[in-house]
Amino acid sequence: MRTSVILVLLVCCCIGSSENSPTHSCEKPLLDSTFEAVTLPGGPGLLFNGMAYSSAGECDQDVLGLMEISIPGSPWKVYTETESRNPVFLYVEKDDVLEKYSRNNGGKVLFLEIRKKREATQTSGGKRGGHEGSPVTYVYDPEDRVLRGNVGFPLDEFLMMVCGFFQEKTGDQEVGQVWYLYGITEFPRTISDVEILGVESDGTVHLFIFCEHLVIPAGESREVNRSFQEVIIDSSYVVVITVTIENYGVIDLESVVAE
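Please read all numbers here as calculations on a predicted model, not as lab measurements. Sequence order sets the numbering: in each chain, residues are counted from 1 along the sequence as written. In keeping with the model being predicted, local features are shown solely for residues with a pLDDT of at least 70 and side-chain atom pairs are shown and tallied solely at 80 or more, while totals for entire chains, interfaces and linings include all residues. Each side-chain value is worked out from all heavy atoms of the structure, with water and hydrogens disregarded.

Draft legend 1. Region of the structure containing the state of the cysteines. When the sulfur atoms of two cysteines come within 2.5 Å, that pair is taken as a disulfide. Taken as a whole, this structure holds one disulfide when the rule is applied. Note that Cys26 is cross-linked by a disulfide to Cys211, the S-S spacing being 2.0 Å. Handedness here is read from the sign of the S-S torsion; for Cys26 and Cys211, about -65 degrees, the answer is left-handed. Separated by 185 residues along the polypeptide, Cys26 in the segment before β1 (35-40) and Cys211 in the loop between β15 (205-209) and β16 (212-216) bring together distant segments of the chain. Under the relative-accessibility criterion, Cys211 is labelled partly exposed at 27%. Only DSSP runs of H or I with at least four residues qualify as helices, and only runs of E with at least two residues qualify as strands; both kinds are numbered from the N terminus onward. Relative accessibility under 20% of the residue-type maximum defines a buried residue, over 50% an exposed one, and the middle range a partly exposed one, all with a 1.4 Å probe and only protein chains included.

Right, here's the structure in full:
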C-alpha cells in the first residue's frame with residue numbers, strides 16, 4: 001500500500017549575521033515532478049511527488065486560478081492552485097473531465113530529526129556571551145516509534161512533516177540548549193539552515209543545506225559541517241557548526257502524541 005509521508009525536523013538559531021550569509025553562491029537542485037495513478041484504501045487515488053491524494057470527485061471546468069504542472073510522461077493534464085510541491089488539492093483533466101484530488105497521508109508520518117551543534121572559540125576582543133535555553137519539548141522512542149511533545153499544529157490528513165529540533169551551543173559565546181517541534185504542510189519549506197525540498201514515496205528525504213543537496217533514505221543519517229569567522233561588536237570568534245540529520249522512517253500518525 002502506498003503511503004504519504006510526514007517529516008520531523010529541527011530549526012537552527014544563530015548568533016550574528018555571518019552564519020546566515022552564504023559563503024559563496026550556489027543553486028538548489030530542481031526536483032522533477034512524479035505522477036502515478038494508484039489504488040488507496042478508500043478507492044482510486046494518485047501518488048504525486050511522493051504524497052498520496054484521494055479522489056474528491058468531479059468539479060466544474062471553470063475553476064479559477066489553476067496553474068498547469070509540467071510532468072514528463074503524464075497521460076493527463078495536472079493543475080494546482082499554489083506553487084507548493086505538494087499542494088493540498090490537485091486537479092486532473094481526464095478526457096475533458098476535471099477531477100479533484102485531496103492530499104491524504106493515510107495515517108502515516110515520516111520522522112526526521114535534525115540536531116545542530118554550534119561551537120564558538122573567541123580569538124580577540126572583550127568577553128561576551130550569555131545563556132539561552134528551553135525545556136525539552138519532544139521525546140522520541142525509537143523502539144516503540146512513538147513521538148511525544150508539545151504539538152501546536154493539527155494532526156490531520158494534510159500534515160506532511162512533524163519537525164523536531166535540538167540545538168546545542170558551546171564555547172566562548174552563548175551556551176545552552178533549545179528544543180522545538182514543528183508541523184510542515186508545504187514543500188519546499190525552509191527552517192533556518194535547512195531547506196526541505198521534498199520526499200519520495202519510500203520515505204527518502206531531499207534537503208538543501210550549506211549549498212549541499214542531501215538525499216537521506218529512511219533509516220539513515222547524514223552529518224554536515226561548516227566553519228566561519230564571526231564578529232560581534234568588538235569580539236571575534238571562530239565558529240564550527242555540525243548538523244546531524246537522521247531519518248527515522250515512517251511511523252503511525254497516532255504515534256504522534258500531544259502532551
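Draft legend 2. Region of interest: unusual backbone geometry. Geometrically, the link from Phe187 to Pro188 is a cis peptide bond, its omega value of -5 degrees lying close to zero. Of note, Pro188 is situated in the loop between β12 (176-184) and β13 (189-191). Phi at Asp96 takes a positive value of approximately 65 degrees, unusual for a residue other than glycine. Mapped onto the fold, Asp96 is located in the loop between β6 (89-94) and β7 (97-103). Even without glycine at this site, Arg145 takes up a positive phi of about 55 degrees. Its place among the elements puts Arg145 in the loop between β9 (138-141) and β10 (146-149). The exposure class assigned to Arg145 is partly exposed, which follows from its relative accessible area of 28%.

Draft legend 3. Local environment of the side chain of Gln122. For Gln122, the location among the structural elements is in strand β8 (residues 108-124). Its relative accessible area of 14% is what places Gln122 among the buried residues. Here a polar contact is recorded for every N or O atom pair within 3.5 Å, except that within protein the pair must consist of a potential hydrogen donor and a potential acceptor, and residues adjacent in sequence are included only if both atoms are side-chain atoms. Within the structure, Gln122 has its side chain in polar contact with the backbone oxygen of Ser124 (distance 3.3 Å).

Draft legend 4. Structural context of the side chain of Asn86. Of note, Asn86 is situated in the loop between β5 (77-80) and β6. Of note is the side chain of Asn86, whose polar atom sits 2.9 Å from the backbone oxygen of Phe48. What makes two residues a contact is simply this: any of their non-hydrogen atoms within 4.5 Å. Look past the residues within four positions of Asn86 in its chain and what remains in contact with it is Phe48, Asn49, Met51, Tyr53, Arg103, Met160, Thr185 and Phe187.

Draft legend 5. Fine view of the pattern of salt bridges. Here, a salt bridge means any side-chain nitrogen of Lys or Arg that lies within 4 Å of a carboxyl oxygen of Asp or Glu. For the structure on display, the rule yields nine salt bridges. The shortest N-O distance in the salt bridge between Glu220 and Arg222 comes to 3.2 Å. Residue classification places Glu220 among the partly exposed residues on the basis of a relative accessible area of 35%. Residue Arg222 is classed as partly exposed on the basis of its relative accessible area, which comes to 29%.

Draft legend 6. Expanded view of the pairing of β8. Strands were regarded as paired on the criterion that DSSP finds at least two bridges between them. As paired elements, β8 and strand β18 (residues 235-252) share 16 bridges and run antiparallel to each other. Residue Leu110 lies in a different strand from β18, and its bridge partner there is Val250. Here β8 pairs with strand β11 (residues 161-171) via ten bridges, running parallel. Across the sheet, Lys116 pairs through a bridge with Gln167, a residue of β11.

Draft legend 7. Seen up close, the sheet that holds β11. The five strands lie next to each other as β12-β11-β8-β18-β17, forming an open sheet whose pairing is mixed. A single partner strand is all that each edge strand has here, and the edge strands are β12 and β17 (221-232). Put simply, the sheet's adjacent strands are angled 15 degrees from each other on average, direction ignored. In this sheet, β18 lies alongside β17 in antiparallel orientation, the contact comprising twelve bridges. Within the sheet, the bridge partner assigned to Ser227 lies in β18 and is Val240. Inter-axis angles, ranging from 0 to 180 degrees, are taken between N-to-C directions of lines fitted to C-alpha atoms, where helices are fitted over the stretch in contact.

Draft legend 8. Spotlight on the sheet that holds β16. Read across the sheet, four strands follow the order β13-β14-β15-β16 without closing on themselves; strand pairing throughout is antiparallel. Every other strand in the sheet has two partners, leaving β13 and β16 as the edge strands with one partner each. For this sheet, the mean angle separating the axes of adjacent strands, direction not counted, is 25 degrees. With five bridges connecting them, β15 and β16 associate as antiparallel partners. Counted as the bridge partner of Leu207 is Leu214 from β16.

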